[in-house]
Amino acid sequence: MAIAKAQLPSKPTLSESTDRSRWRLLNERGRQTWHYLEDDEDAKEWPQSTADKWYLGLPTNLPDLPPAKTPLDAVRNGLDFYKELQLPPGNWACEYGGPMFLLPGAVITWTVTNTPIPDHIATEIKNYLFARANPEDGGWGLHIEGESTVFGTAMNYAALRLVGVDAEHPVMIKARGTLHKMGGAKMGPHWAKFWLSVLGVCEWDIVNPCPPELWLLPDWVPIAPWRWWIHMRQVFLPMSFIWSRRWTYPETQIVRELRQELFVEQHASINWGSHRNSIYEKDNYHKKSWLLLALFWIIVHLWPIIIPRFLKKRAEDWVWKLVQMEDKNTDFSNLGPVNGPMNFLVCYIQEGPDAYSVQRHRERMHDFMWMNKEGMLMNGTNGVQNWDTAFTIQSVMDAGLAEDPKYKPMLMKALEFLEDHQLREDVDDQSMCYRQQRRGAWGFSNKDQGYAVSDCISEAIKAILLLQRTPGYPTLLEDQRIYDAVDTLLTYQNPSGGCASYEPTRGSEKLEMLNAAEVFGRIMIEYDYPECTTAVVTALSLFTEYYPDYRAKEIKNFKARAVAYIKRAQAPNGSWYGSWGICFSYAAIFALESLASIGEVYSNSEYSKKGCEFLLSHQLPDGGWSESYRGCETGVWHDHPSGSQVVMTAWVCIALLEAHYPNREPIERGLKLIMSRQQKNGEWLQEAIEGVFNKSCMISYPNYKFVFPIKALGMYARRYGDVELLQTEKVNGNGKHAPLHGT
């Protein structure tokens, strides 16, 4: 099914770059959107903030600070810089990039819905993708540190052509050569084939089936979609509607050109159905099971015969209803930047180009876009507002500076932000649309998106309880609102004792046999996560200090089961595998903190001792720690090739301090490295990528380089005193204070 011929938007006019001084980030109660001010008067009336300049890589002109000699010197210098990045509603923002498959989905959706792409956006998309091309082969990978793949290269090549880059540009020639060496776009994974079929570059026969009829299965069926992980089912939902309709953009000149450019052979000669399971080796992280291949064969060859047309129509209608529920419950911001564009396209197909739903989706797409010094990218959610704000509060508390008059206004605004973004009610039709209880909870980003997450709830509870109990701070959340948060938190535990992320596990791990995405692992169901479980344990431990009588027995039993899971999750070598940060150093913070919260530390717990010894075995000669994303893929620690990382070093120092590791020397060596890399203005520079999801895709958390070094330095100072660690009498060529020696 193709749309009728329509008036197509004019092709964007690309320039070398936009004027960075004209970009502004607007934050409307946690909704973050970038705006380009072409009018001189508008730019004058709305001056750039320090945060705007920092995001864009422009000089902030913040002053040099006295060289730090002690941990709290470094903490204060870091906070003096970081507080300037706080936005008016009270949160901190940042790019949440890394995945290289998100932006092309947005560009294709804009194209096929005839949504004009402004010149300044097209120009900066071009600049970002040029900057992120692999310097050796010119392709793009699954994420910014990954090797070139067909998924990344075909999709980003198509996006660049759609925003107006000429096929004969040197960047495109190089990328095209790499794509052809990998076999061309027909070797892409399922999601690439889906998007290119929507665009009309591929034929739908190359796309493995995703039938909407699965949504008609009774809830008791073990493979029913409601049992899947929330991100998987919310992507499959609109994808199944579009696949069922075989909806395709009309043939245009750019589509004809892409048909010639993306394939090794002539487009007309390709046997599309024979390449449904053709996939380049580096894209094939999770190979399809024999069961899934058999089901695909049945759906392709027998489904049209055995499934009556009325059932297909009924399935499409029910999927459409579920899409509408998702749009309503998130005010069209949707779970993330994969299902958001797909829901947008479903609304366009179902209701037409002039519908309110289509217009609202067009507006909400901007919530995912982000400008940095390289150009415009697409974030992994509509922000990290709640998450980073909660961690920031805790870091200042750990440093003992919450009552310092200099930082109190910053913390007051942060507390007000978290108060404003607590989810006060469950969603409408909660059971019908398979949503988890959320009353009293917090999500990862803001309350518009509205998806509660177990560790986000936990970190927010800890931040609020700590700050509200500090002299001089008001009680913005009364007891009942805290009780509501704890009530919801207690719903996240699985029979194993562990906690998942968005909701308790609903299906068997055997559902991974139906994982058709190929590029991701552990995507089909919710899993127990050490990080989520331990965050919940520490939140409940703190809660019971202040509210010892509220659901005391249930909380005690919950924690006992959770701690038993945490201990079982520890590997024989003493490590815990991190699923949301890279990798073992990240999980160790939470695991050792949770054990400490129940009184188990290095001196009295074999689990804590083994965890510490594992971390210490990976300390580098310069005193730091370093982890590469390869550890997430392989399950084995890999040092990052660039050497020690400030963020990983801070994570390990925190973990050792939480465990009360008795020897200060390795911790001090790590802190000295952190302090030596602090800039004259108090900031730390971006190093390697920090986050991960689904084992194979990495994602950026730029504020971690402030939050965790501040926390580590502050914890040390409170434990051992604010002793002098560095003497800094000269500055090296990168603007860093070079340590002469430690004390």
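Residues numbered from 1 in each chain as written. Predicted model: local features only at pLDDT ≥ 70, side-chain atom pairs only at ≥ 80, totals over all residues. Heavy atoms only, no water.

Caption draft 1: Representation of the packing of helix 4 (residues 102-112) against helix 6 (residues 150-162) in the model. Taken N-terminus to C-terminus, the directions of helix 4 and helix 6 make an angle of 40 degrees; their axes are 9 Å apart at the nearest point. One element, helix 4, and the other, helix 6, form an angle in the oblique class. Seen from above, helix 4 lies across helix 6 with left-handed handedness. Within the contact between the two elements, helix 4 uses P104, G105, V107, I108 and T111 and helix 6 uses M155, N156, A159 and L162. (Axes fitted to C-alpha atoms, helices over the stretch in contact; angles between N-to-C directions. Helix = DSSP H or I, 4+ residues; strand = E, 2+ residues; numbered from the N terminus. Parallel < 35°, antiparallel > 145°, perpendicular 65-115°, else oblique. Left-handed = near helix turned anticlockwise from the far one by under 90°. Contact = heavy atoms within 4.5 Å.)

Caption draft 2: Structural view of helix 27 (residues 704-720). Here helix 27 is 17 residues long and its end C-alpha atoms lie 24 Å apart, about the 24 Å a rise of 1.5 Å per residue gives. Most of helix 27 is tucked away: 14 of the 17 residues are buried. Directly beyond the C-terminal end of helix 27, a positive phi value near 95 degrees is found at G721. (Expected span 1.5 Å × (residues − 1). Buried < 20%, exposed > 50% of the residue type's maximum accessible area, 1.4 Å probe, protein only.)

Caption draft 3: Focus on the nonpolar core. F101 and F520 are the most contacted members of the largest nonpolar core, which totals 251 residues. Among the elements that line this core, the one with the most residues is helix 25 (residues 646-658), at 11 residues. Once residues within four sequence positions are removed from consideration, F520 is found in contact with F101, L142, W191, Y285, H286, N515, F693, N694, S696 and C697. (Core = buried A, V, L, I, M, F, W, Y, C linked by side-chain atoms within 4.5 Å.)

Caption draft 4: Representation of unusual backbone geometry in the model. Positive phi values are uncommon outside glycine, yet N114 reaches one of about 55 degrees. Within the fold, N114 resides in the loop between helix 4 and helix 5 (119-131). Overall, the relative accessible area of 13% leaves N114 in the buried class. Unusually for a residue other than glycine, D429 sits at a positive phi of about 55 degrees. The topology assignment puts D429 in the loop between helix 17 (408-420) and helix 18 (454-468). Here D429 falls in the partly exposed class, since its relative accessible area comes to 40%.

Caption draft 5: Geometry of the packing of aromatic side chains. Considering all chains together, one arrives at 48 aromatic pairs under this definition. Ring geometry for F263 against W272: centres 5.4 Å apart, planes inclined by 85 degrees, an arrangement best described as edge-to-face. Each member of the pair, F263 as well as W272, is classed as buried. Feature note: the residues Y96, W387, F391, F444, Y586, F590, W651, Y701, Y704 and F708 constitute an aromatic cluster, connected by ring pairs. One Lys or Arg, R246, reaches over the ring of W243 and ends 4.0 Å from the middle of that ring. Sitting over the ring of Y473, K408 keeps its end group 5.3 Å from the ring centre. (Phe/Tyr/Trp six-rings, centres within 6.5 Å; stacked < 30°, edge-to-face > 60°. Lys NZ or Arg CZ within 6 Å of the ring centre and 35° of its normal.)

Caption draft 6: Summary view of the pattern of salt bridges. Tallying each qualifying case throughout the model produces 43 salt bridges. For the salt bridge of E28 with R31, the shortest nitrogen-to-oxygen distance reads 3.9 Å. Classification of R31 as buried rests on a relative accessible area of 17%. Among the salt bridges present, the one from E665 reaches R669, with a minimum N-O distance of 3.7 Å. Remark: R669 and E665 occur in helix 26 (residues 664-676); sequence separation between them is four residues, near one turn of the helix. Residue E665 is classed as partly exposed on the basis of its relative accessible area of 40%. You can call R669 partly exposed: its relative accessible area is 25%. Where salt bridges share partners, they join E28, R31, D331, R360, E363, R364, D367 and D448 into one cluster. (Salt bridge = Lys/Arg side-chain N within 4 Å of Asp/Glu carboxyl O.)

Caption draft 7: Structural detail: the confidence of the model for the chain. Of all residues in the chain, 97% have pLDDT values of 70 or greater, and the mean over the chain is 95. Taken together, the stretch residues 2-6 has pLDDT below 50 and engages in 10 contacts with residues farther than four places along the chain or on a different chain. Predicted confidence for residues 729-743 stays below pLDDT 50, and this span has 40 contacts to residues more than four positions away or in other chains. (pLDDT = per-residue confidence, 0-100.)

Caption draft 8: Here's a closer look at the packing of helix 16 (residues 385-398) against helix 27. At a minimum axis distance of 8 Å, the contact between helix 16 and helix 27 shows a crossing angle of 20 degrees. It follows that helix 16 is roughly parallel to helix 27 by the angle criterion. Here helix 16 and helix 27 pass one another in a crossing that is left-handed. Where helix 16 abuts helix 27, its residues W387, D388, F391, T392, S395, M397 and D398 lie against Y704, V707, F708, I710, K711, G714, M715 and R718. Split into classes, the residues belonging to the contact of helix 16 with helix 27 amount to eight nonpolar, three polar and four charged. (Nonpolar A, V, L, I, M, F, W, Y, C, P; charged D, E, K, R; others polar.)

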